[in-house]
Amino acid sequence: MFESTPHTRSMLGLIFNFCEVTFHASARKVRKTHGNAILAIALSIVQSLLFIAAFYFMFSILGGRSMAIRGNYLLYLMSGIFLYLTHIQTLRTVMGSEGPTSDMMQHAPMNTLVAICSSALSTLYTKFIALMCVLLMIHVLIEPVEFHNWSGAFGMFILVWFLGVTLGIVFMALNIWFPDVVGILSMVYIRANMIFSGKMFVANMMPAMMLPIFTWNPLFHVIDQTRGYVFVNYIPHNTNVAYPFYFSLVALLIGMMLEHYTRLHASASWNAKR
């Protein structure tokens, strides 16, 4: 008498339903920082401007401008600082996504894949808008902005975001099992990238004996390659795009395997213990 009628859906319908749920979840993520979505984006712009201003004055006082690439100095700072901020914020947001034991998972259309995608897309949206606004302000108020290869530079922006997503999935899957250890590891990774990301210098100007200390980091490769696309007179010789790309694919595979295992063994008591 109370039997439910089965609903058959086509593959196209399932994809559309997934995209719809992801869209609403992404909008919720954007508003999570602030009730007003415009102010949430404005906060991201202000954060980027403060970082750029801080490094600009620091480089001016310490004489770091001599190590910069000849060209637009603000673009040199943005090619390092903004990619670093995008990568770190994406990692933090994806890492903090709702897990299998979250209250949000009690809603039928919601699942961990939607939570991960919405977290990643919300960060990409806010950072892209912030990037366009900062570039517009530099172009209008300070000096014209010119890219040697804007499509390549934008590709590196997407790659650094994707790298943050994949590492965030790995940390997210492990966080439920080892919250204290993962918290320490993520903090060490973020702090280490303040130096080892290479946002303050370029690989071509580094001594050969120091390169192995930095080339392990995929973010270092992405930032250095970005400067090759931004500046016409800089050709990266010590980094490549293949390493961070394949590193991201491997991290994505490992992260999804860990997330699947975690979801299969999820327990409602985990939240009570934490």
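Counting restarts for each chain, with residues numbered from 1 along the sequence as it is written. Confidence filtering applies because this is a predicted model: local features only for residues at pLDDT of at least 70, side-chain atom pairs given and counted only at 80 or more, and all residues used for totals across whole chains, interfaces and linings. Side-chain numbers here rest on the full set of heavy atoms in the structure, without hydrogens or water.

1. Side note on the confidence of the model for the protein chain
The predictor rates its confidence in each residue with pLDDT, a number between 0 and 100. Taken over all residues, the pLDDT of the protein chain has a mean of 79, while the share at 70 or more is 76%. Confidence over residues 1-5 falls short of pLDDT 50; this stretch has zero contacts with residues more than four positions distant or in other chains. The contact rule is simple, with two residues in contact once any of their heavy atoms fall within 4.5 Å.

2. Observations concerning a nonpolar patch on the surface
Within the patch definition used here, like charges are joined within 9 Å and nonpolar side chains (Val, Leu, Ile, Met, Phe, Trp, Tyr) within 5 Å, considering only residues with over 30% relative accessible area and no salt bridge. Each accessible area value is a Shrake-Rupley result obtained with a 1.4 Å probe; residue values ignore everything except the protein chains displayed when judging cover. A pairing counts as a salt bridge when a side-chain nitrogen of Lys or Arg comes within 4 Å of a carboxyl oxygen of Asp or Glu. Together, Leu-49, Leu-136, Met-137, Val-140, Leu-141 and Ile-142 make up a nonpolar patch on the protein surface, roughly 590 Å² of accessible area in all. Here a helix means four or more residues in a row that DSSP labels H or I, a strand means two or more in a row labelled E, and each is numbered from the N terminus. Inspection of the secondary structure assignment puts Met-137 in helix α4 (residues 112-142).

3. Some words on the packing of helix α5 (residues 150-175) against helix α6 (residues 179-196)
Note on geometry: axes are C-alpha line fits, over the in-contact stretch for helices, and angles between N-to-C directions span 0 to 180 degrees. Where α5 contacts α6, the axes come no closer than 8 Å and their chain directions differ by 155 degrees. Considered as vectors, α5 and α6 are oriented roughly antiparallel to each other. Residues Leu-167, Phe-171, Leu-174 and Asn-175 of α5 form the contact with α6, whose participating residues are Pro-179, Val-182, Leu-185, Ser-186 and Tyr-189. When residues are grouped by polarity, Ala, Val, Leu, Ile, Met, Phe, Trp, Tyr, Cys and Pro land in nonpolar, Asp, Glu, Lys and Arg in charged, and all others, Gly among them, in polar. Tallied by class, the residues present in the contact of α5 with α6 amount to seven nonpolar, two polar and no charged. Oblique is the label for any angle not covered by the other classes, which are roughly parallel (under 35 degrees), roughly antiparallel (over 145) and roughly perpendicular (65 to 115).

4. What about helix α8 (residues 218-230)?
Each helix should span, by expectation, one fewer than its residue count multiplied by 1.5 Å. Between its terminal C-alpha atoms α8 stretches 19 Å, which fits the 18 Å expected from 13 residues at 1.5 Å a residue. Where the residues of α8 are buried, they touch α3 (73-95), α5, α6, α7 (211-214) and α9 (242-264). Its side-chain oxygen placed 3.2 Å from the backbone nitrogen of Leu-219, Asn-217 serves as the N-cap of α8. Under this definition, polar contacts are N or O atom pairs within 3.5 Å; protein pairs additionally need one hydrogen-donor-capable and one acceptor-capable atom, and for neighbouring residues in sequence, both atoms have to be side-chain atoms.

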